[in-house]
Amino acid sequence: MTEAPREDRRQQPKPKKEQLLSPATAAKKLNLYLPATPDEFRATPISRTALQALSDSPPEWLATLRREGPHPRDEVSRRLGVSNSALARAGVSDHMTTAEIRALLDERPEWLVVEREKHAPGTGIVPGTAIGERPTRVEPVAADDDETDEYV
């Protein structure tokens, strides 16, 4: 055998390619309604580093969309405090602006009150004593001369 160095025949690692996301996936990750985004956003795939840059320092169009909408169904349901299924049952559109969401919260239609109660008990209907509702909270009241507690 010779003592000359042998040629390295292992395959060299390939340089990593930047992963590209479709505009729909990028919009979903940024929680945006895709048809409301600018044409240049919808036209080209977006790299993960560009997506992170958009998230870290949003341009004016992104800040305006997040503030005023229209928002996708996931964001609408989060802001209203209901599930996506509740929006479908109520026949609400797939996207809403911030003003439309505020108007619904101010009006508090019956479907919204019922669905909020289903989604997060205690946030929709004021507890009462009707059948199917949770009873009102019973608090003990201390009597002046009696040792036992009375309930109101």
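Residues numbered from 1 in each chain as written. Predicted model: local features only at pLDDT ≥ 70, side-chain atom pairs only at ≥ 80, totals over all residues. Heavy atoms only, no water.

### Focus: the overall build of the protein chain
Note the following rule: Secondary structure elements follow DSSP: runs of H or I no shorter than four residues count as helices, runs of E no shorter than two count as strands, and numbering proceeds from the N terminus. The rule is simple: take the accessible area with a 1.4 Å probe, protein chains only, and divide by the maximum for that residue type; under 20% is buried, over 50% is exposed, in between is partly exposed. It only takes one pair of heavy atoms within 4.5 Å for two residues to be counted as in contact. For accessible areas, the Shrake-Rupley method is used with a probe of radius 1.4 Å. Any residue's cover is judged against the shown protein chains and nothing else.
Along its length, the protein chain carries eight helices and four strands. Order of helices (α) and strands (β) in the protein chain, N terminus to C terminus: β-α-α-β-α-α-α-α-α-α-β-β. Out of the 152 residues in the protein chain, the part that is buried amounts to 26%. Intrachain contacts of the protein chain at a sequence separation of at least 6 include 41% that bridge at least 24 residues. Working note: accessible area of the protein chain is about 11400 Å², and carbon and sulfur atoms make up 52% of it.

### Section: the packing of helix α5 (residues 73-80) against helix α7 (residues 98-107)
Cut-off, in case you're wondering: Here, axes are lines fitted to C-alpha atoms. For helices the fit covers the stretch in contact, and angles between N-to-C directions go from 0 to 180 degrees. Two helices that cross are described as forming a left-handed crossing if the nearer one is turned anticlockwise from the farther one by less than a right angle, and a right-handed crossing if clockwise. Lys, Arg, Asp and Glu make up the charged group, whereas Ala, Val, Leu, Ile, Met, Phe, Trp, Tyr, Cys and Pro make up the nonpolar group; the residues left over, Gly among them, are polar.
Look at α5 against α7: their axes get within 10 Å of each other, and the N-to-C directions meet at 35°. Considering how the two elements wind past one another, α5 and α7 form a crossing that is right-handed. Counted together, V76, R79 and L80 of α5 and T98, I101, L104 and L105 of α7 form the full contact between these two elements. Residue composition of the contact of α5 with α7, grouped by class: five nonpolar, one polar and one charged.

### Some words on the nonpolar core
We apply this condition: Throughout, nonpolar core names a set of buried Ala, Val, Leu, Ile, Met, Phe, Trp, Tyr and Cys residues whose side chains join them through atoms within 4.5 Å.
Among the nonpolar cores identified, the biggest contains 11 residues, and these are L21, A26, A27, L30, L32, F41, I46, L51, L54, L62 and L65. Listed by contribution, the elements that provide at least two residues to this core are α1 (23-29), α3 (48-56) and α4 (60-68).

### Re α7
As a reminder of what qualifies: Within this analysis, the arc is defined by the directions that extend from the helix axis to the C-beta atoms.
All of the buried residues in α7 are T98, I101 and L104. Within α7, the buried residues cover an arc of 125° as seen down the axis, which keeps them to one side. Every exposed residue of α7 that faces more than 90 degrees away from the buried side is listed here: A99, R102, D106 and E107. As for α7, its buried residues are in contact with α4, α5 and α8 (110-119).

### Side note on the pattern of salt bridges
The criterion, for reference: The working definition used for a salt bridge is a side-chain nitrogen of Lys or Arg within 4 Å of a carboxyl oxygen of Asp or Glu.
Counted by the stated rule, this structure contains six salt bridges. R78 is the salt-bridge partner of E75, the closest N and O atoms lying 2.6 Å from each other. Of this pair, E75 and R78 are both found in helix α5, three residues apart, which corresponds to roughly one turn of the helix. On the basis of relative accessible area, R78 is assigned to the exposed category, the value being 55%. In this structure, the salt-bridge partner of E115 is K118, at a minimum N-O distance of 3.7 Å. Of the two residues, E115 and K118 both sit in helix α8, three residues apart, roughly one turn of that helix.

### With respect to the environment of E75
Basically, it comes down to this: Two N or O atoms count as a polar contact when they lie within 3.5 Å, although within protein this holds only if one can serve as hydrogen donor and the other as acceptor, and sequence-adjacent residues are included solely when both atoms are side-chain atoms.
Judged by relative accessible area, which is 8%, E75 ranks as buried. Within the structure, the side chain of E75 is placed 2.6 Å from the side chain of R78, a separation counted as a polar contact.

### Regarding α8
The complete set of buried residues in α8 reads L112, V113, E115, R116 and E117. Contacts made by the buried residues of α8 are with α5, α6 (84-90) and α7.

### Focus on the side chain of T37
Within the secondary structure, T37 is located in the loop between α1 and α2 (39-43). Using a relative accessible area of 2% as the deciding quantity, one classes T37 as buried. Each residue touching T37, except ones within four places of it in the same chain, is listed here: L32, R42, W61 and L65.

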